[in-house]
Structures are given as structure tokens and as C-alpha cells.
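# Structural description and commentary
Listed below, chain by chain, are the residues.
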Amino acid sequence: MKNAAIILAGGEGTRMHSSKPKVMAEILFRPMIDRVLDAAKGAGVTDVCVITGYKAEILEQHLEGRAVCVHQAERLGTGHAVMQAIPFIENNHFDNVLILNGDAPFIDSDTIREALSYHLTRGFVQTVISARIENPFGYGRIIRDTNGDFTAIVEEASADKETKKINEINSGAMWFAADALVELLAKVTNDNSKGEYYLTDTVGIAVREKRPVGAYTAKNADAVLGANNRVQLMELNEKLRQKVLRQHMLAGVSIPCADGVIIDADAVIGADTVILPGTIIKAGCEIGENCVIGPNTVLYKTKVGSNVTLNSVQAEEAEISDHANLGPFVHLRPNAKIGEHVHCGNFVEIKNSVIGAHTAVSHLTYVGDSDVGKGVNFGCGVVTVNFNGKTKNRCTVGDDAFIGCNTNLIAPVKVGDRAYTAAGSTITHDVPDDSLAIARSRQEVKENWVIKKKPYREKKY
Ligand code: UD1
Ligand code: CA
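Remember, predicted model here, so these are calculated numbers, not experimental data.

### Examining the coordination of the calcium ion (ligand 2)
The protein atoms that coordinate the calcium ion (ligand 2) are D103 (OD) and N228 (OD1), at distances of 2.4 to 2.7 Å. With a gap of 125 residues between them, D103 in the loop between β6 (96-101) and α5 (109-121) and N228 in the loop between β11 (213-217) and α9 (230-250) connect regions that are remote in the sequence. With relative accessibility at 14%, the residue D103 sits in the buried group. The exposure class assigned to N228 is partly exposed, which follows from its relative accessible area of 23%.

Printed below as a string of C-alpha cells:
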């Protein structure tokens, strides 16, 4: 059996007031379109066609070939959108076609799979995924006859008072037998108050032709929720945010106060780790056990070991080993690798560098493009001068070295094991192991200079 999915994503999303296609709006850091695409692929539907329209180039670029894109030049309704995919359906000889709305991000693979088996076992030509929800306003209503048989979908704009009371709604997701879809679409007209070709009219047409159709009620009622404006977007975000936080808490993560805590759905966090307010854990993060993360910490594509403390840390594409204690106010940039028991804090930035175990970088220091050994102490205000205006170069600091306060290490340069640099030095040449480098002018004292020169104005106090 060869099945395909068509994701409707052409809409401008006027109510979003955005310069991007509506389906690019994010729920927990992921565009809605990606969530819908993953649900289809997770259900085993690997041939996917996305109908683009408004700002199609943004969507096409974002999809990076993960789906066939078909452009709908004019937005004349959901039925018209699916019509654009008829060549895709016919040329590939699919058996069943799944239609998904790109703006309903909670559709899940289980619901899609269950609806397909419902569709196939009953031999329906069309199976709409429906749900009962508290507030059906804005959705198409599922109409059933006195026997409970599904007979039509009536859109909000065409619904009378009684129909508006129905709270079983069309999710927008539906399975079709491929040949029936093409035949039914040919009969859809735009004879309604909006002058649009409604995909939902296919139900009434099929029923009139006595073709078997059904509505599969999703067990996961959230699967049908859509976002048409940014208030609904926030509501969907909040729903998923709370769900993810609950999963982590039930798995042993403490979140004593969830204010400003946003965790990506795929984050892995070990037991006994505490997440404090204002912490945002974005995609691609793994955190070990017994850590304290936050307050005010942002992690992206970062691996954190166990027993780590991160207080007001921003890290992207970094690695932090066990027992590291970072913060307050540390910025780890891509490819910063922090060893075990390292301490960094008070306005320290580390980029593309390896920091060996037990090293301390405690205050006002920049370490970039450097290989730092174990047990090194960085005084306050050290700068690795890694960029000469043209090229980036590396610094190497050996084990147990001591870098005096306000040292500039002019890359490329190497400080040996156990070597010292005097405070205020500008190190331009390698420092051998066990040596002290002093690279600053010798202090000169001019005695009684002030009395002779009287450089100050008269005292005012
Ligand atoms: C649609 C359904 C409604 C259902 C609801 C579920 C129709 C007529 N109505 O209403 O029954 O309850 O979804 O969320 O199908 N799109 C295009 N091209 C177009 C028009 C729309 O690609 O010409 C896309 C949109 O980008 C969107 C999807 O189709 O992703 C649904 O369109 P939208 O206008 O949001 O439909 P609803 O009014 O929500
Ligand atoms: Ca919608």
C-alpha cells in the first residue's frame, strides 16, 4: 500500500500579522510545520507534499527537501489547495492520501495510524479525524444524522444557531482513498459566503453519492487544536510547555517554580536535577543527574554532565563535564569544552576552547581558541588575543599554570606546565615549563614628584 500526506500550508495567516508563512510560527521553539511533518513521517507516511502559498520561498528553504513543495498561486480555500496536489497524487499512484493542516501542530502519529486503520477496515472513501472540544468556535462542525452516521461538515461561517452548538469538530486532518479524493474534488464548488473551495464539502458530496465516509474521534483531543492568531499560539505553547514540565517532574526532575521555565520537548534531564526560574532549555540538550540549572540560564545544543551548577549561564553548542560550577554570568560559545570540577564565573566568556579539569577562570576573562590544561588558575581580566584582524590563532596553556591578572596572551603562544605569567603581562613569546614570564615595563618611582610638580588643584574639602 502506497500512502501519501498533503500538508496545507499556503495560508497567509492574516490573523498572525507576520511576514512569515503562518506554519512557521513556533510552538516550543519548533515551527508548526515541522511538528506536523514529523507526525506524518512518524506514522510511516514518508511521501509528503506541502502546499505552499504566502511567502513560499521561506517555507521551501526551511523544508530543505524534506517534502515535495507545490505552490498554490492564489489562496482560494482548502479544497483548492488540495487540487494543486492532484498531479502529485496521480503521478505517484498512491492508494490513500492523508490531508493535514499545517497550523494544527499537535496532531500525532498514533492518531494518524489509528484513523488509517479505522478508514481501511470500514472501507471508507473518506475518514475525517474529529474531536469533541469545549469551545468549538471557528471550527467546522461534524454533522451526524439521527443514526449517528456522519453526513457533512458545516463551516462556522455557514452554520446556523443550532449547528453552532455542536461541539464535535473537524480537525482538518483526514484520510481519503486517493481516487475518490480526485473525483470528489472535481465536484467541489465555491458557492458559499466566502467564495472559497472548501475541502470539507467533499463529505456532503460523498454522502449524496452514497459513498461510505466516516469520522474517527481522536482519543487525544489536543490533536485537533489549531493556532490562527498569536493568542492561540501562546495557548498551544503553554499546553505543551506544561506537558513537558510534568513529564520531567514525574521522571525525577525538580522544578520548584515553573516561572519562565521552558524546556524543549526532546531535552533529556537526569533525576534529582533542579531547574530554577528563568531557565530555557532549547533543542539538542542533555543534562545529567543532580545538577542545579538556573536561575536565568539558557542552553542550546549543550551537553551537561552530572552534579553541575549553572547559575545565569548562556551556553550554545558547548559541553560541560561533571562537577563543573559555572556562574554567575558565564557565556559559553560554540565548541567550548569545560572539564570536570572547573569553575568559571563573573563575566567570563569561553569559545572554541578546551578547559582542563580543576581549572578556575573566575573573573572578567575571555578564553577563545585555546587549549587549557588541568589545574590552571586564570587571574582576573585575562584575555586570549586570538584574532589579529585577519586570522584566528590558538593559545596553549599547560597543566597547573598560573596566568596573572590582566595578562594578554597574544596567539599563537604557549605557556608551559606550571609556568607563571606576571600580572599585567602581554605575552608574545612561548613561556617554558616551570618559568615565570614578566612582560611589562619595570616600575619607576619618582620621589617627591607631587610636591615638586603640584599637579592637582587646591583641595576643596
Ligand atoms: C479548517 C477547516 C475546518 C476545520 C479547521 C481545523 C475548511 C474549509 N475548514 O478551517 O473545518 O475545523 O481547519 O483547524 O477546510 N490553506 C491553504 N490554502 C488555502 C487555504 C488554506 O494552504 O487556500 C491552508 C492554511 O495555511 C492552513 C490550512 O490550510 O494551514 C487550513 O486553513 P485555514 O484557513 O486555517 O482553515 P480554518 O478556517 O482553520
Ligand atoms: Ca486554521
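### Details of the site of ligand 1
In the vicinity of ligand 1, 22 residues are found, and the nearest of them are G11, Q72, T78, E155 and N170. In the model, an oxygen atom of ligand 1 is placed 2.7 Å from a nitrogen or oxygen of the G11 main chain. N170 places a polar main-chain atom, nitrogen or oxygen, 2.6 Å from an oxygen atom of ligand 1. Most atoms of ligand 1, that is more than half of them, are within 2 Å of grid points of the largest pocket. For the shell around ligand 1, the secondary structure elements donating two or more residues are β1 (3-9), α3 (78-83) and β10 (168-177). Its residues placed into classes, the shell around ligand 1 shows six nonpolar, twelve polar and four charged.

### Thoughts on the layout of surface pockets
Reported here for the largest pocket is a volume of approximately 1600 Å³. Looking at the lining of the largest pocket, the elements that each hand over two or more residues are β1, α3, β10 and α9. The class makeup of the residues in the lining of the largest pocket is 17 nonpolar, 20 polar and twelve charged. The volume enclosed by the second largest pocket comes to roughly 490 Å³. Along the walls of the second largest pocket sit 19 residues, with R35, P105, F106, L240 and K243 positioned nearest its centre. Where the lining of the second largest pocket is concerned, the elements lending two or more residues are α1 (32-42) and α9. For the lining of the second largest pocket, the class distribution of residues is seven nonpolar, three polar and nine charged.

### Let's talk about the sheet that holds strand β20 (residues 309-310)
Pairing is parallel across the open sheet formed by ten strands, whose spatial order is β14-β17-β20-β23-β26-β29-β32-β35-β38-β40. This sheet does not close on itself; its edge strands, each paired only once, are β14 (274-275) and β40 (436-437). Taken together, the two bridges between strand β29 (residues 360-361) and strand β32 (residues 377-378) define a ladder with parallel strand orientation. Residue pairing in the sheet places V361 in a bridge with F378 of β32.

### Side note on the pattern of salt bridges
What the rule picks out here adds up to 18 salt bridges. In this structure, R333 and E349 form a salt bridge, with 2.5 Å as the shortest nitrogen-oxygen distance. Residue R333 is found in the loop between β24 (330-332) and β25 (337-338), and its partner E349 is found in strand β27 (residues 348-351); the two are separated by 16 residues along the sequence. The network of salt bridges with shared partners includes E183, K187, E209 and R211.

Criteria and thresholds
- All chains use their own residue numbering, which begins from 1 and follows the written sequence.
- Think of it this way: whatever chain is written first is A, whatever ligand is written first is 1, and the rest follow in order.
- Per-residue local features are limited, in this predicted model, to residues with pLDDT of at least 70; the limit for side-chain atom pairs, both in listing and counting, is 80 or more; totals at the level of whole chains, interfaces and linings are taken over all residues.
- In computing side-chain values, all of the structure's heavy atoms are included and hydrogens and water are not.
- Sodium, potassium and calcium take a 3.2 Å donor cutoff, other metals 2.8 Å, and in both cases only N, O and S atoms count; water is not among them, so sites may look incomplete.
- Runs of H or I in DSSP of at least four residues are treated as helices and runs of E of at least two as strands, each being numbered from the N terminus.
- Note on exposure labels: buried denotes an accessible area under 20% of the residue type's maximum, exposed denotes more than 50%, and partly exposed covers the range between, all computed with a 1.4 Å probe on protein chains only.
- A single heavy atom is enough: if one lies within 4 Å of a molecule or strand, its residue is considered near that molecule or strand.
- N or O atoms within 3.5 Å of each other form a polar contact, as long as, within protein, one can give a hydrogen and the other can take it, and as long as residues adjacent in sequence are counted only when both atoms are side-chain atoms.
- A 1.4 Å probe that fits into a set of points on a 1 Å grid over the protein atoms alone but cannot get out defines a cavity; an open set with protein on both sides within 12 Å along at least five of seven lines defines a pocket, and lining residues are those with an atom within 4 Å of a point.
- Being in a pocket or cavity means that more than half of the molecule's atoms lie within 2 Å of its grid points.
- When residue character is reported, Ala, Val, Leu, Ile, Met, Phe, Trp, Tyr, Cys and Pro are called nonpolar, Asp, Glu, Lys and Arg charged, and the others, Gly included, polar.
- Grid points are joined across faces, edges and corners, and a volume is the space filled by probe spheres set on the points.
- Any two strands with at least two DSSP-identified bridges between them are counted as paired.
- Note on definitions: salt bridges are taken to be side-chain nitrogens of Lys or Arg within 4 Å of carboxyl oxygens of Asp or Glu.

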